[in-house]
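What follows is each chain in one-letter form.
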Amino acid sequence: MNSLYATELAQVYDTMYQSFIDYRKEYLFYSSLCEKHSSKSVIEFACGSGNLAQNFIKNFESYLGIDLSEDMLKIAASKVDPSLLEQGDMRNFKTEMKFDAAIITGRSTSYLTTALDFQNTLNSIKNLLNDGGILLFDCIDGSKFLPYIKQNPTVVHKARAKETSYYRKTSWYSKTSSNPDLIAWHSEYFKETKGGDILLGIDDTVFKVFGQEEVKRLLANCGFGTINVLERKTYAFDTFVIEAKKN
């Protein structure tokens, strides 16, 4: 698991990403796709600190949020009913409940670093969906990201929240020339103060970027049909969103 989500950095994540991401806009994007398919019930994987959960709970008949990180779920539980949250791994999550829609946002598919991880996730979700249920998820677009990091091996992202300024200094590179889609990531998180910048924590992880055809192939192999691929920009990465349906 990414250490950002599993340690005291979870609170830093929640604070900084309020500035990075317009969660209301993010919710409206995904909820509109759910409504397009008349989805009434939603399971959200990698729900994190509950920033989308609040709106899904308010506007849909049923919701369940799943995250691997207990620390992130503790923050989410301060925002929504804890009974609507559950600790679990998207690769093998099971419940007796069935849902009209499953969503994975925040580019969390990046932590599925092998084809087997991705296939296990798709098979797990397929078993949780009603017949004709939909799956929505975003991926970092490798065709755009890989050229970008060659030109920008180090970047700084700034955020301001609760009248405090933060920044994240990140370096990244492809781990091997034989498998350039696996990216080594090193980030240092700082808070700016009058007395100088304070290092809040360090995050090291490996994640994967994807090609659209690769993802479509994995979906087809696991019993999903791709309805649409939507290109989206985020504060840091070019992404694409997959809209798929359980066959």
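Only a predicted model underlies this, so the values are computations on that prediction, with no experimental measurement involved.

How each quantity is defined
- Residues numbered from 1 in each chain as written.
- Predicted model: local features only at pLDDT ≥ 70, side-chain atom pairs only at ≥ 80, totals over all residues.
- Heavy atoms only, no water.
- UniProt positions renumbered as here; feature names shortened; annotations may be inferred.
- Helix = DSSP H or I, 4+ residues; strand = E, 2+ residues; numbered from the N terminus.
- Contact = heavy atoms within 4.5 Å.
- Polar contact = N/O pair within 3.5 Å; in protein donor to acceptor, adjacent residues only side chain to side chain.
- Pairing = 2+ DSSP bridges.
- Axes fitted to C-alpha atoms, helices over the stretch in contact; angles between N-to-C directions.
- Buried < 20%, exposed > 50% of the residue type's maximum accessible area, 1.4 Å probe, protein only.
- Right-handed = clockwise from strand over helix to strand, strands pointing away.
- 1 Å grid on protein atoms, 1.4 Å probe; cavity = no way out; pocket = protein on both sides within 12 Å on 5 of 7 lines; lining within 4 Å.
- Points joined across faces, edges and corners; volume = space filled by probe spheres on them.
- Nonpolar A, V, L, I, M, F, W, Y, C, P; charged D, E, K, R; others polar.
- pLDDT = per-residue confidence, 0-100.

**Examining the UniProt feature "domain: Methyltransferase" (unreviewed entry) in the chain**
1) Next: Mapped onto this structure's residue numbering, the UniProt feature "domain: Methyltransferase" (unreviewed entry) falls at residues 42–133.
2) Next: Secondary structure content for residues 42–133 is 28% helix and 26% strand, and the end C-alpha separation is 10 Å.

**Considerations on the environment of Thr109**
1) Next: Mapping Thr109 onto the fold places it in the loop between strand 4 (99–104) and helix 5 (115–126).
2) Next: Measuring from C-alpha to C-alpha, the distance between Thr109 and Phe210 comes to 9.2 Å, with 101 residues separating the pair along the chain.
3) Next: Those residues in contact with Thr109 that lie beyond four places of it in its chain are Ile104, Phe118, Phe137, Asp138, Cys139 and Phe210.
4) Next: A distance of 2.7 Å separates a polar side-chain atom of Thr109 from the backbone oxygen of Asp138.

**Topic: the sheet that holds strand 3 (residues 85–87)**
1) Next: The strand order 3-2-1-4-5-11-10 describes an open sheet built from seven strands, whose pairing is mixed. The sheet is open, and its two edges are formed by strand 3 and strand 10 (224–233), each paired on a single side. The sheet shows a mean angle of 20° between the axes of neighbouring strands, direction not considered.
2) Next: Here strand 4 pairs with strand 5 (residues 129–140) via five bridges, running parallel. Directly across from Ile104, in strand 5, lies its bridge partner Phe137.

**Quick word on the side chain of Asp14**
1) Next: Considering the arrangement of structural elements, one finds Asp14 in helix 1 (residues 9–20).
2) Next: At a separation of 3.3 Å, a polar atom in the side chain of Asp14 contacts the side chain of Gln18.
3) Next: If near-sequence neighbours (up to four positions away) are discounted, Asp14 is found in contact with Ser49, Asn51, Ile75 and Lys79.

**What about the pairing of strand 2 (residues 62–67)?**
1) Next: Across the six residues of strand 2, five count as buried, placing the element largely inside the fold.
2) Next: Where strand 1 (residues 41–45) and strand 2 come together, five bridges link them in parallel fashion. Following the sheet pairing, Val42 is matched in strand 2 by Tyr63.
3) Next: Note that strand 2 and strand 3 share three bridges and pair parallel. Looking across to strand 3, one finds that Asp67 is bridged to Gln87.
4) Next: Note that the unit made of strand 2, helix 4 (residues 70–76) and strand 3 has a crossover that is right-handed.

**Concerning the layout of surface pockets**
1) Next: Taken as a whole, the second largest pocket holds about 210 Å³ of empty space.
2) Next: Lining the second largest pocket we find 13 residues, and of these Ile21, Glu26, Arg232, Lys233 and Thr234 sit closest to its centre.
3) Next: If you list the elements that add at least two residues to the lining of the second largest pocket, you get helix 2 (23–36) and strand 10.
4) Next: For the lining of the second largest pocket, a count of residues per class yields three nonpolar, three polar and seven charged.

**Description of the sheet that holds strand 8 (residues 182–191)**
1) Next: Here four strands make up an open sheet; going across it, the order is 6-7-8-9 and the pairing antiparallel. The open sheet terminates on both sides in strands that have one partner only, identified here as strand 6 (154–161) and strand 9 (198–208). This sheet shows a mean twist of 20° between the axes of neighbouring strands, independent of strand direction.
2) Next: Two elements, strand 8 and strand 9, share 10 bridges in a ladder whose sense is antiparallel. The partner of Ile183 across the bridge, within strand 9, is Phe207.
3) Next: Its contacts with the sheet put helix 1 on strand 6, strand 7 (164–174), strand 8 and strand 9, and the angle it makes with strand 6 is roughly 85°.

**Digging into the confidence of the model for the chain**
When pLDDT drops low, the exact placement of atoms in the prediction is not to be read closely.
1) Next: Per-residue confidence for the chain averages 93 on the pLDDT scale, and 97% of its residues sit at or above 70.
2) Next: Under a pLDDT of 50 for its full length, residues 1–6 has, in the predicted model, 23 contacts with residues more than four places off or in other chains.

**Some words on the environment of Glu26**
1) Next: Position of Glu26 among the secondary structure elements: in helix 2.
2) Next: We classify Glu26 as buried; its relative accessible area is 14%.
3) Next: With 12 residues separating them in the primary sequence, Glu26 and Ser38 have C-alpha atoms 19 Å apart.
4) Next: Once you skip the residues sitting within four places of it in the chain, Glu26 turns out to touch Leu52 and Arg232.

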